[in-house]
Amino acid sequence: MGSSVVAPAAQSLIESIPAPTIWVSGLARIDPVGDGMVCFTLFQNVPAPDGGMEHQVVARIIVHQSAIAPALQQTADFTARETAELLRRAH
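Remember, predicted model here, so these are calculated numbers, not experimental data. (Residues numbered from 1 in each chain as written. Predicted model: local features only at pLDDT ≥ 70, side-chain atom pairs only at ≥ 80, totals over all residues. Heavy atoms only, no water.)

A.B. asks: Can you break down the pairing of strand S3 (residues 53-64) residue by residue, with the values?
C.D. replies: Both strand S2 (residues 37-47) and S3 contribute to a ladder of 11 bridges, which runs antiparallel. Within S3, the position partnered with Phe-40 by the bridge is Ile-61. Taking the residues that link successive antiparallel strands as the turn, the S2-S3 hairpin has 5 residues, and the phi of Gly-51 there is positive, at about 95 degrees. (Pairing = 2+ DSSP bridges. Helix = DSSP H or I, 4+ residues; strand = E, 2+ residues; numbered from the N terminus.)

Pasting the structure below:
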């Protein structure tokens, strides 16, 4: 419960069975599912028959809530690197 999660180095990940790659448009919601676990519901924008857009659920990922803060840090680090690279290219 109070433990933190450390992401493994990319080279140490094992994918014995190929994990599906799912394109998503965004995160629709996060719901608690018990025992510190949460469910991320991901959606994809797709054209609707009426010409508008629909938000179709494409995946649900269940993760321990202790993994959220490290994931946010990874996201912030990635965003900072990408922003720095874009700024470098612009000058």
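A.B. asks: Before we move on, could you go through the sheet that holds S2 and cite the residues and values that matter?
C.D. replies: Reading across from one edge, S1-S2-S3 is the order of the 3 strands in this open sheet, with antiparallel pairing throughout. Where the open sheet ends on each side, the last strands, each with one partner, are strand S1 (26-34) and S3. Going from strand to strand, the sheet's axes swing by 25 degrees on average, the running direction of each strand aside. Pairing between S1 and S2: 7 bridges, direction antiparallel. Counted as the bridge partner of Arg-29 is Thr-41 from S2. (Axes fitted to C-alpha atoms, helices over the stretch in contact; angles between N-to-C directions.)

A.B. asks: Give me the lowdown on the environment of Ile-30, citing residues and values where you can.
C.D. replies: Turning to its location among the elements, Ile-30 is positioned in strand S1. Looking at Ile-30, the relative accessible area reads 43%, which means it is partly exposed. Taking C-alpha positions, Ile-30 is 9.4 Å from Ile-62, a pair spaced 32 residues apart along the chain. Those residues in contact with Ile-30 that lie beyond four places of it in its chain are Val-38, Cys-39 and Phe-40. (Buried < 20%, exposed > 50% of the residue type's maximum accessible area, 1.4 Å probe, protein only. Contact = heavy atoms within 4.5 Å.)

A.B. asks: Which residues make up the side chain of Thr-41, and what are the values?
C.D. replies: Relative to the elements of secondary structure, Thr-41 occurs in strand S2. Look at Thr-41 and you get buried, because its relative accessible area is 5%.

A.B. asks: Could you give me a rundown of unusual backbone geometry, with the residues and numbers involved?
C.D. replies: In the Ramachandran plot, Asp-35 falls in the positive-phi region, its phi being about 55 degrees despite a non-glycine side chain. A relative accessible area of 68% means that Asp-35 is categorised as exposed.

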